[in-house]
Amino acid sequence: MNRMLDIIMLIVLVPTVLIIFFLEYPANWKDRKFIFGVRNREEFKDAAAAERIGTITQKCRKHALIIMICCLAAAVLTMIIPDLVIRMSIWVVLTIAALVVMMVPLVIGNREMKSLKSELGIASQKGVTYTDLKGTGNVRVLKLNKVIIPNAVAAVFFIAALLNDLGIVKLHGLLNGQGTTAGLVTSGFAGAQLAVGLIMLPISVAMDRIRNEVISEDSDVNMNYNRARKKVWADTFVMFAWVNTAFIILSLILVFIFDSQIVFLAACGIYLLLIMAALMYMARRSIAVDRRYRQETSIDIDDDDNWILGSIYYNPDDKRLNVAKRIGFGGTVNAAHPVGKAVYVLTVLIFIGTFVMLGYILLLSRTPMTVRIADNSLICCQMTDDYEIPLGSIDNAELCTGSKDLNLRRDYGIDMDNLQKGKYMVNGESGCVVFLDLNADSYLVIHADGKTYYINCTDVQETAEIYEEINKR
Amino acid sequence: MIIKIDEYSDVPIYMQIRNQIVMGISSGELAPGEQLPTVRALALEMGINTMTVSKTYQLLKQEGYIFTDRKNGARVRETINKSGTVSDENKRELMRIVSEARLSGVAKQDLIKLIDEYY
């Protein structure tokens, strides 16, 4: 199962860096609409300028290739790390770092392209916009029902999972499973996936209503171009909605019927692989649309100065929130718009939150589990006091060995490689409170207040001492 | 029809839109009875305030170039009132253009040729 997680992370990392490399560092820049976030212009066809751009693009492509190889080598090295928690933390950091460092040559390229523009004497047309009256409000490609239907289907399966988790209907463990579990694990998962699908709904509508670009004096060319690029986005959202729904259905079937975590993780891998493959295909289609209309482009506005580092759109004069991306595929927000500012702040907070969470998990995995007796209570502590059992309520206590042989199944709580904490099904008995470090062989089984506790300390000797102390009292 | 807006121009945005729509009607790019985008759609497309577009439409309506109704939105008038005279404001504008052309050394014939071309 550990290796399955590595495979999933590889499925995320490898296509991501490949998409960035092939999308943003093209071997032939001439048929691209943007070069490192700078609009490709007629003036760039001049021999001297073309040679200079060729040098810039080749240099940046070479740097990006080196960075990509380093990222992939780092990924392979990460797989060697034996500790699961450390390995997973490094995977997350590596994925985020790969996204950032793959952009570094692009930022350098953007800066060099802008300085080339000023050398060529191309004056910025900041504040100039073109609008085609014929296309205004008319170019809509997305049929809303095509994204609503898959989400509605997913919602039905989510409700089924919720009813199962609440114990109203029994779907879990139909063939091989271990019976109904407490908690909302299955429905929580289905709900999270459904939420992702639902979040995509307003985004798909916003992308379909994004401002039409004016590339020609001919309104028909403009409408066809905008229809073509919006079709790519609409297809992407419809495809994502169906893949997401299929994954929810498939994973629920796997959980309900086969109850196998390995199969479930394999399904996660296939899901991510499908998403990545589809994104690659759509990105290629997007490039093809731009290439097809490149010859028909007769209006070249220069609003490069509104694009910080070629990727962040900042235009206080523009009241629109969403605009088409220059780097990458899809849309982005105007950072000068109040909602855009909030989106950027939220993004930064999510990144900070991810690192804080990683730090917490690492700290948790390294903090020993201790059990002590104080104020006539048995206190289980790891970083904070997790459980407190009054000694008077203990009916009996038993010292057992072979913690790794316990059949543990989490309802909710923490489930790390050797650290189990929370409400678990233990050897078929549900609702047990578990506080176990599986590296320590011996553990206590305590019955108190109608509950069963499985607890131990990281130190085996301490567990034995606690057992003696309980018996004395 | 393509409308170009310059945020940093001395001419207010509502007037830039108005002028270009009038030119579009005059050149035939906007046909009589042709539907114009709604205020909201045009404002969203241009990335400007809806009040600005609303002001443009009000002005065009007052001047008799377009008509609006609740059901169909704004449309170019089928028949535009032909007064047969140049307004005082346009006379002043023409005077300014002719003066600037003369100071720039443009020959009268060239200017008349240009008027013929645009008319």
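Because the structure is predicted, anything quoted here is derived from the model rather than measured.

The rules we used
Residues numbered from 1 in each chain as written. Chains lettered and ligands numbered in written order. Predicted model: local features only at pLDDT ≥ 70, side-chain atom pairs only at ≥ 80, totals over all residues. Heavy atoms only, no water. Core = buried A, V, L, I, M, F, W, Y, C linked by side-chain atoms within 4.5 Å. Buried < 20%, exposed > 50% of the residue type's maximum accessible area, 1.4 Å probe, protein only. Helix = DSSP H or I, 4+ residues; strand = E, 2+ residues; numbered from the N terminus. Contact = heavy atoms within 4.5 Å. Salt bridge = Lys/Arg side-chain N within 4 Å of Asp/Glu carboxyl O. Pairing = 2+ DSSP bridges. Axes fitted to C-alpha atoms, helices over the stretch in contact; angles between N-to-C directions. Parallel < 35°, antiparallel > 145°, perpendicular 65-115°, else oblique. Left-handed = near helix turned anticlockwise from the far one by under 90°. Nonpolar A, V, L, I, M, F, W, Y, C, P; charged D, E, K, R; others polar. Expected span 1.5 Å × (residues − 1). Buried area = accessible area lost by both parts, 1.4 Å probe. Polar contact = N/O pair within 3.5 Å; in protein donor to acceptor, adjacent residues only side chain to side chain. Domains from an automatic or database assignment.

Asker: Sorry if this is basic, but what is going on with the nonpolar core here?
Answerer: Nonpolar side chains in soluble globular proteins tend to end up buried together. All names here are of chain A. Of all hydrophobic cores here, the largest spans 29 residues; its most connected members are Tyr25, Ile35, Phe36, Phe44, Ile53, Met102 and Met113. Only α1 (2–24), α2 (47–78), α3 (84–101) and α4 (104–119) provide two or more residues apiece to this core. In this structure, Tyr25 is in contact with Ile20, Phe36, Cys60, Arg61, Ala64, Met102, Met103, Pro105 and Leu106, ignoring residues within four places of it in sequence. If you look at the next biggest cluster of nonpolar residues, it comprises 24 residues, including Ile19, Val238, Ala283 and Phe329.

Asker: How should I be thinking about the pattern of salt bridges in this particular structure?
Answerer: Where charged atoms from two side chains of opposite charge come close, those side chains can pair. Residue and element names in this part refer to chain A. This structure, assessed with the given rule, holds 24 salt bridges over all chains. One salt bridge connects Asp220 with Lys134, and the closest N-O pair in it is separated by 2.8 Å. Of this pair, Asp220 sits in helix α7 (residues 219–258) while Lys134 sits in the loop between β3 (128–132) and α5 (144–165), placing them 86 residues apart in sequence. Here Asp220 falls in the partly exposed class, since its relative accessible area comes to 41%. Lys134 gets classed as partly exposed once you look at its relative accessible area, which sits at 39%. Salt bridges here are not isolated pairs; linked through shared partners, they connect Lys33, Arg39, Lys117, Glu213, Arg229, Asp303, Asp304 and Arg326.

Asker: Before we go on, may I ask you to explain the pairing of strand β15 (residues 443–448) of chain A in this structure?
Answerer: Walk down a regular strand and you will see the side chains alternate between the two sheet faces. Residues and elements named next belong to chain A. Buried residues dominate β15, accounting for five of its six residues. In terms of strand pairing, strand β11 (residues 394–400) meets β15 through six bridges, oriented antiparallel. Within β15, the position partnered with Asn396 by the bridge is His447. Here five bridges tie β15 to strand β16 (residues 451–455), and the two strands are oriented antiparallel to one another. Paired with His447 across the two strands is Thr452, which belongs to β16. Where β15 folds back onto β16 in an antiparallel hairpin, the turn is made up of two residues, including Asp449, whose phi is positive at roughly 50°.

Asker: I keep staring at the packing of α3(A) against helix α9 (residues 338–366) of chain A and nothing clicks. Help me out?
Answerer: The geometry of a pair of packed helices is captured by two quantities: the angle between their axes and the separation between those axes. All names here are of chain A. The N-to-C vectors of α3 and α9 enclose an angle of 165°; their axes lie 10 Å apart at closest approach. In terms of orientation, α3 lies roughly antiparallel with respect to α9. Crossing geometry of α3 relative to α9 is assigned as left-handed. Seen from α3, the contacting residues are Val85, Ile86, Ser89, Val92, Val93 and Ile96; seen from α9, they are Phe351, Thr354, Phe355, Leu358, Ile361, Leu362, Ser365 and Arg366. Of the residues belonging to the contact of α3 with α9, the class tally is ten nonpolar, three polar and one charged.

Asker: Looking at this structure, how should I read helix α1 (residues 13–27) of chain B?
Answerer: Since there are 3.6 residues in each turn of an α-helix, residues three or four apart along the chain are aligned in direction. Residue and element names in this part refer to chain B. Spanning 15 residues, α1 covers 21 Å between terminal C-alpha atoms, matching the ideal 21 Å at 1.5 Å per step. By the burial criterion, the buried members of α1 are Ile13, Gln16, Ile17, Arg18, Gln20, Ile21, Val22, Gly24 and Ile25. Against β1 (2–6), α2 (39–46), α3 (50–62) and β3 (73–76) lie the buried residues of α1.

Asker: Just to check I follow, could you spell out the packing of α5(A) against helix α6 (residues 185–208) of chain A for this structure?
Answerer: Residue and element names in this part refer to chain A. Two elements in contact, α5 and α6, have axes separated by 9 Å at closest approach and are oriented at 165°. Taken together, the axis directions place α5 and α6 in an arrangement best described as roughly antiparallel. Every pair of crossing elements has a handedness; the one defined by α5 and α6 is left-handed. Packed against α5, whose contacting residues are Leu144, Val147, Ile148, Asn151, Ala154, Ala155, Phe158, Ala161, Leu162 and Asp165, the element α6 presents Val185, Thr186, Ser187, Gly188, Ala190, Gly191, Leu194, Gly197, Leu198, Leu201, Ser204 and Val205 at the interface. A per-class count over the contact of α5 with α6 returns 14 nonpolar, seven polar and one charged.

Asker: Can you walk me through the interface of chain B and chain A in this structure?
Answerer: With 20 residues of chain B at the interface, the matching set in chain A holds 23 residues. The largest share of the area that chain B buries against chain A comes from Ile2(B), Tyr8(B) and Glu45(B), three residues that together contribute 35% of it. Connecting chain B to chain A are zero salt bridges. Applying the counting criterion to the chain B and chain A interface returns eight residue pairs in polar contact (both at pLDDT 80 or more).

Asker: Any chance you could explain the sheet that holds strand β14 (residues 429–437) of chain A here in plain terms?
Answerer: Within a sheet, neighbouring strands are paired by backbone hydrogen bonds and run either parallel or antiparallel to one another. All names here are of chain A. Taken in spatial order, the six strands of this open sheet run β11-β15-β16-β14-β13-β12, and their pairing is mixed. Looking at strand neighbours, the two that pair on one side only are β11 and β12 (408–415), the edges of this open sheet. Taking the axes of each pair of neighbouring strands and ignoring which way they run, one obtains an average angle of 25° across the sheet.

Asker: Honestly, the domain arrangement of chain B in this entry has me stumped. Any pointers?
Answerer: By convention, interface size is frequently given as the accessible area that disappears when the constituent parts associate. The domains assigned to chain B are domain 1 (13–76) and domain 2 (88–118). Placing a centre on the C-alpha atoms of domain 1 of chain B and another on those of domain 2 of chain B gives a separation of 28 Å.

Asker: Is there a simple way to explain the side chain of Asn315(A) in this structure?
Answerer: All names here are of chain A. Take Asn315: it is sitting in the loop between β5 (312–313) and β6 (322–324). Its relative accessible area of 9% is what places Asn315 among the buried residues. Ignoring any residue separated from it by four or fewer positions in sequence, one finds Asn315 in contact with Asn306, Asn334 and Ala336.

Asker: Help me understand the domain arrangement of chain A, please; the structure alone is not making it clear to me.
Answerer: Domain boundaries in chain A define domain 1 (130–300) and domain 2 (370–472). Its C-alpha centre places domain 1 of chain A at a distance of 44 Å from the equivalent point of domain 2 of chain A.

Asker: Honestly, the sheet that holds strand β10 (residues 384–390) of chain A in this entry has me stumped. Any pointers?
Answerer: All names here are of chain A. Pairing is antiparallel in the open sheet, where three strands are placed in the order β8-β9-β10. In the strand order of this sheet, the two ends are held by β8 (370–374) and β10, each with one partner. The sheet shows a mean angle of 25° between the axes of neighbouring strands, direction not considered. Where strand β9 (residues 377–382) and β10 come together, six bridges link them in antiparallel fashion. What sits directly across from Cys381, in β10, is Asp385. Across the sheet, helix α10 (residues 460–472) is in contact with β8 and β9; its angle to β8 comes to roughly 25°.

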